[in-house]
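Coordinate analysis (summary)
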Amino acid sequence: MAMFRADRETASSVPPWCCSARLNLAVLMFLGFGMVYALRVNLSVAMVAMVNTTDPEPVVNHSNNRACPQPSGFNNTSDTLVQPEGTPQYPWDSETQGWLLGAFFFGYLFTQIPGGYLSGHYGGKCFLGLGVLGTAALTLLTPLAARWGPYWLFGLRALEGFGEGVTFPAMMAMWARWAPPLERSRLMTLAGSGGNFGAFVALPLTGYLCETLGWPNMFYLFGGAGCLWAVFWFIFVSDDPRTHRRISKEERDYIINSIGPQGTGHGWAVPVLSMLLSIPLWTIIITQMCSNWSYYTLLTSLPSYMDIILHFDLKSNGFLSALPYLGAWWLAIILGVVADAFIEKRVFSVTIVRKIFTFVGMMLPAAFLVAVCYAGCNHILAVTFLTLSTTTGGASASGVYINQIDIAPRYAGFLLGITNTFGTIPGVIAPIVTGYFTENHTLAGWRKVFWVAAGFNIGGALIFCIFGSGKLQPWAHTEEERAETERRRSRTISQ
């Protein structure tokens with residue numbers, strides 16, 4: 001069946017990428033997920049400015065395990081952060097900060113599966129657009145919630161996660177209708193890499209805005225930008241190439257013919273039992289959970305490590321915390337093109353391509369996280385290894401993170417909702433575990449954080465290499481595809 005679709009795609013003329021509707025969709029998604037991650041991570045840096053001390057309780061200082069000295073060439077202003085007069089600060093301890101940083105993911109858990117299911121049935125445009133818009137609008141209320149207390153801020157962040165939970169499943173459901181099989185890797189990695197771009201821009205920008213305008217104004221600016229993006233999204237995007245007002249006939253026919261019956265909605269009924277018994281699906285779930293542990297650990301806690309252990313000032317903290325995501329952004333885009341080339345030229349099968357990029361994107365980050373543990377107080381080595389860890393993790397964007405659309409294209413949004421629900425659990429637990437390990441602000445505590453993250457990465461990579469698959473699953477075939485298979489079998493028998 002895969003060969004049948006490939007033959008139809010080859011037979012169709014491939015319209016140019018430049019200014020195409022599918023590329024425009026990828027760019028708008030890229031910017032949208034940039035906003036998604038900016039709204040998600042801004043609290044990680046702002047927390048340094050919002051808290052008047054990293055921990056109001058006295059720190060136990062063990063002579064053989066003390067924090068690092070100030071880096072040479074940087075002004076150590078992290079303990080005396082100067083913000084505009086009247087900017088409020090709060091006495092939240094490390095445990096409270098951990099709960100606040102993890103609050104987003106409590107809400108994020110609950111809308112993944114419903115969002116994926118409804119996006120697969122109705123289309124993902126409204127769900128993705130409203131998810132970003134709702135999160136941006138709630139971000140505008142962050143200063144008010146913080147003033148009312150940590151419980152209110154926890155609830156607000158959980159609501160933001162609730163709204164944002166539909167975004168990635170909606171994206172996958174849309175690409176099931178828009179991405180030709182031989183362009184999936186490059187289109188989806190371009191769109192998804194917006195998350196790394198958003199983190200790269202938001203982390204240093206948050207630090208700069210907190211110091212120059214005060215942290216409340218930072219939340220107002222980010223929330224307003226997200227609302228502005230939503231306007232362009234609803235004007236220029238369509239759920240399906242069949243309903244797009246500005247697409248050329250050549251491109252529309254190319255997309256529809258290359259995707260075939262899998263490019264339609266899945267209806268109300270889905271083969272839930274078959275999915276629950278699917279080894280490839282459970283492999284994706286376990287692998288994403290393992291990979292996300294290290295990703296979310298760094299995403300939420302790296303600014304604290306830069307501040308408390310390495311003693312970088314807030315502006316340097318934001319830039320250095322963002323640097324890893326610049327590398328991951330570019331690497332994901334480049335390797336997306338490479339992955340498609342491997343598949344198109346039949347150098348490797350889809351299964352082998354997904355395993356190669358998942359293995360590289362999880363084992364190399366694990367190795368660099370272990371290296372951080374031995375870098376100690378060498379600021380240059382620590383920052384270099386952390387940067388390389390997240391950068392090389394971008395390789396997995398062409399691996400496990402788009403594998404749902406390989407095994408069941410028309411159910412891809414629903415499947416991503418399932419896998420992301422499980423994959424979000426580390427986002428809830430990792431900041432809390434990090435807060436527990438690092439409550440005394442020691443190097444030994446942070447070594448435990450990095451060792452645990454590396455261990456999850458190694459385990460996930462091995463599991464995917466053993467059990468992963470890139471083949472269309474029998475339960476994902478449409479009635480039209482089953483009928484075509486029967487016709488071919490009948491012709492073969494009659495001959």
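Values in this document were obtained by computation on a predicted structure and should not be read as measured data.

**Brief notes about the overall build of the protein**
Within the protein one finds 21 helices and 0 strands. Within the protein, the proportion of its 495 residues that are buried is 59%. For the protein, the share of sequence-separated contacts (at least 6 apart) that also reach a separation of at least 24 residues comes to 86%. Accessible area of the protein: about 19,500 Å², with a carbon and sulfur share of 67%.

**What to know about the nonpolar core**
Of all hydrophobic cores here, the largest spans 105 residues; its most connected members are Met29, Trp175, Tyr305 and Phe450. Broken down by element, the residue count for this core peaks at 20 residues, all from helix H2 (residues 21–50). With 17 residues, the next largest nonpolar core counts Tyr117, Val400, Tyr411 and Ile418 among its residues.

**Focus on the environment of tryptophan 268**
As for its position among the elements, tryptophan 268 is in the loop between helix H12 (249–259) and helix H13 (272–276). Among all residues touching tryptophan 268, those that are not within four sequence positions of it are Tyr117, Leu118, His121 and Tyr122.

**Points about the environment of glycine 260**
In this fold, glycine 260 is placed in the loop between H12 and H13. Sequence separation between glycine 260 and arginine 177 is 83 residues, and the spatial gap between their C-alpha atoms is 9.3 Å.

**A word on the packing of helix H5 (residues 125–139) against helix H11 (residues 215–236)**
At their nearest, the axes of H5 and H11 sit 7 Å apart, and the two run at 160 degrees to each other. Taken as axis vectors, H5 and H11 run roughly antiparallel relative to one another. Our pair here, H5 against H11, has a crossing hand that is left-handed. In this structure, H5 contributes Lys125, Cys126, Leu128, Gly129, Leu130, Val132, Leu133, Ala136, Ala137 and Thr139 to the contact, and H11 contributes Phe219, Gly223, Gly226, Cys227, Trp229, Ala230, Trp233 and Phe234. Among the residues making up the contact of H5 with H11, the classes are represented as 13 nonpolar, 4 polar and 1 charged.

**As for the packing of helix H3 (residues 94–108) against helix H7 (residues 150–164)**
Axis separation between H3 and H7 bottoms out at 5 Å; the angle between their running directions is 30 degrees. With respect to their mutual orientation, H3 and H7 come out roughly parallel. Our pair here, H3 against H7, has a crossing hand that is right-handed. The segment H3 lies against H7, with Thr96, Trp99, Leu100, Ala103, Phe104, Phe106, Gly107 and Tyr108 engaging Pro150, Leu153, Phe154, Arg157, Ala158, Glu160, Gly161, Phe162 and Glu164. Taken together, the residues of the contact of H3 with H7 break down into 11 nonpolar, 3 polar and 3 charged.

**With respect to helix H4 (residues 112–122)**
Those residues of H4 lying buried are Gln112, Gly115, Gly116, Tyr117, Ser119 and Gly120. As for H4, its buried residues are in contact with H3, H5, helix H8 (167–178) and helix H19 (412–437). Once H4 ends, the next one or two residues include glycine 123, with phi positive near 110 degrees.

**Quick look at the packing of aromatic side chains**
Per the stated rule, a full pass over the model turns up 34 aromatic pairs. Among the aromatic residues, those joined into a ring-pair cluster are Phe33, Tyr37, Phe104, Phe105, Tyr108, Phe168, Tyr295, Tyr296 and Tyr325. Across the ring face of tyrosine 37, the terminal group of arginine 40 is positioned such that the distance to the ring centre comes to 4.3 Å. Here the basic side chain of arginine 40 rests over the ring of tyrosine 108, its NZ or CZ set 4.7 Å away from the ring centre.

**As for H11**
An ideal rise of 1.5 Å per residue puts 32 Å on 22 residues; H11 measures up with 33 Å between its terminal C-alpha atoms. Taken as a whole, H11 has its buried residues at Trp215, Pro216, Met218, Phe219, Phe222, Gly223, Gly226, Trp229, Ala230 and Trp233. Along the long axis of H11, the arc covered by the buried residues comes to 155 degrees, so they all point the same way. Where the residues of H11 are buried, they touch H2, H5, helix H6 (142–148), H8 and helix H10 (194–212).

**Examining unusual backbone geometry**
Glycine aside, a negative phi is what most residues show, and trans is what most peptide bonds show. Positive phi outside glycine occurs at arginine 346, with the angle close to 60 degrees. Note that arginine 346 resides in the loop between helix H15 (314–344) and helix H16 (350–375). By relative accessible area, arginine 346 is classed as exposed at 56%.

**A closer look at the side chain of glutamine 404**
Structurally, glutamine 404 is set in helix H18 (residues 404–407). Within the structure, the side chain of glutamine 404 is placed 2.8 Å from the side chain of threonine 419, a separation counted as a polar contact. Those residues within four positions of glutamine 404 in sequence are excluded, and the remaining contacts are Met172, Ile284, Gln288, Pro409, Ala412, Leu415, Leu416 and Thr419.

**Here's the deal with the confidence of the model for the protein**
Looking at the protein, the pLDDT average stands at 83 and 86% of residues meet or exceed 70. In the model, residues 1–12 has pLDDT below 50 throughout and makes 21 contacts with residues more than four positions away in sequence or in other chains. With pLDDT under 50 throughout, residues 54–65 is counted as low confidence; its partners more than four residues away or in other chains account for 22 contacts.

**Considerations on the environment of histidine 121**
Here histidine 121 shows up in helix H4. Histidine 121 sits in the partly exposed class, given a relative accessible area of 21%. Here the alpha-carbon distance between histidine 121 and phenylalanine 414, two residues 293 residues apart in the chain, equals 9.4 Å.

**Side note on a nonpolar patch on the surface**
Taken together, Ile279, Val347, Phe348, Ile352, Ile356, Phe359, Val360, Leu364, Ile458, Leu462, Ile466 and Phe467 make up a surface patch of nonpolar side chains, about 1,000 Å² in accessible area. Looking at the nonpolar patch, the elements with two or more residues in it are H16 and helix H20 (443–467). Ranked by residue count, the leading element in the nonpolar patch is H16, at 5 residues. Within the secondary structure layout, phenylalanine 359 lies in helix H16. Owing to a relative accessible area of 34%, phenylalanine 359 belongs among the partly exposed residues under this scheme.

**Focus: the side chain of threonine 387**
Looking at where threonine 387 falls in the secondary structure, it is placed in helix H17 (residues 379–393). When residues no more than four places from it in sequence are discounted, the contact partners of threonine 387 are Leu323 and Pro324.

Here is what the cut-offs are and how they apply
- Residue numbers here run from 1 along each chain, matching the order of that chain's written sequence.
- For this predicted model, a pLDDT threshold of at least 70 governs which residues receive local features, and a threshold of 80 or more governs which side-chain atom pairs are given and counted, while totals over whole chains, interfaces and linings are taken from all residues.
- With hydrogens and water excluded, all non-hydrogen atoms of the structure serve as input to the side-chain values.
- Secondary structure elements are taken from DSSP: a helix is a run of H or I of four residues or more, a strand is a run of E of two residues or more, and numbering for both begins at the N terminus.
- Note on exposure labels: buried denotes an accessible area under 20% of the residue type's maximum, exposed denotes more than 50%, and partly exposed covers the range between, all computed with a 1.4 Å probe on protein chains only.
- Contacts are assigned to residue pairs that have any heavy atoms within 4.5 Å of one another.
- The Shrake-Rupley method, run with a 1.4 Å probe sphere, supplies the accessible areas, and residue values consider only the shown protein chains as cover.
- Only buried residues count toward a nonpolar core, which is a set of Ala, Val, Leu, Ile, Met, Phe, Trp, Tyr and Cys residues joined through side-chain atoms within 4.5 Å.
- Here, axes are lines fitted to C-alpha atoms. For helices the fit covers the stretch in contact, and angles between N-to-C directions go from 0 to 180 degrees.
- Angle categories are assigned with fixed cut-offs, so that under 35 degrees is roughly parallel, over 145 is roughly antiparallel, 65 to 115 is roughly perpendicular, and the rest are oblique.
- Less than a right angle of anticlockwise turn of the near helix away from the far helix marks a crossing as left-handed, whereas a clockwise turn marks it as right-handed.
- Charged residues are taken to be Asp, Glu, Lys and Arg, nonpolar residues to be Ala, Val, Leu, Ile, Met, Phe, Trp, Tyr, Cys and Pro, and polar residues to be all remaining types, Gly included.
- Between 30 and 60 degrees the pair is tilted, below 30 it is stacked and above 60 it is edge-to-face, where a pair is any two Phe, Tyr or Trp rings, Trp via its six-membered ring, whose centres lie within 6.5 Å.
- Put simply, a charge is over a ring when the Lys NZ or the Arg CZ is close to the ring centre, within 6 Å, and near the line of the ring normal, within 35 degrees.
- Under the convention used throughout, the expected extent of a helix is 1.5 Å for every residue step, that is, one less than its residue count.
- Here the arc refers to the set of directions running from the helix axis out to each C-beta atom.
- Between N or O atoms, a polar contact is any pair within 3.5 Å; within protein, one atom must be a potential hydrogen donor and the other a potential acceptor, and residues adjacent in sequence are included only when both atoms are from side chains.
- Per residue, pLDDT measures the predictor's confidence, with a range of 0 to 100.
- Think of a patch as exposed residues, more than 30% relative accessible area, with no salt bridge, where like charges cluster within 9 Å and nonpolar side chains (Val, Leu, Ile, Met, Phe, Trp, Tyr) cluster within 5 Å.
- Any carboxyl oxygen of Asp or Glu within 4 Å of a side-chain nitrogen of Lys or Arg constitutes a salt bridge here.

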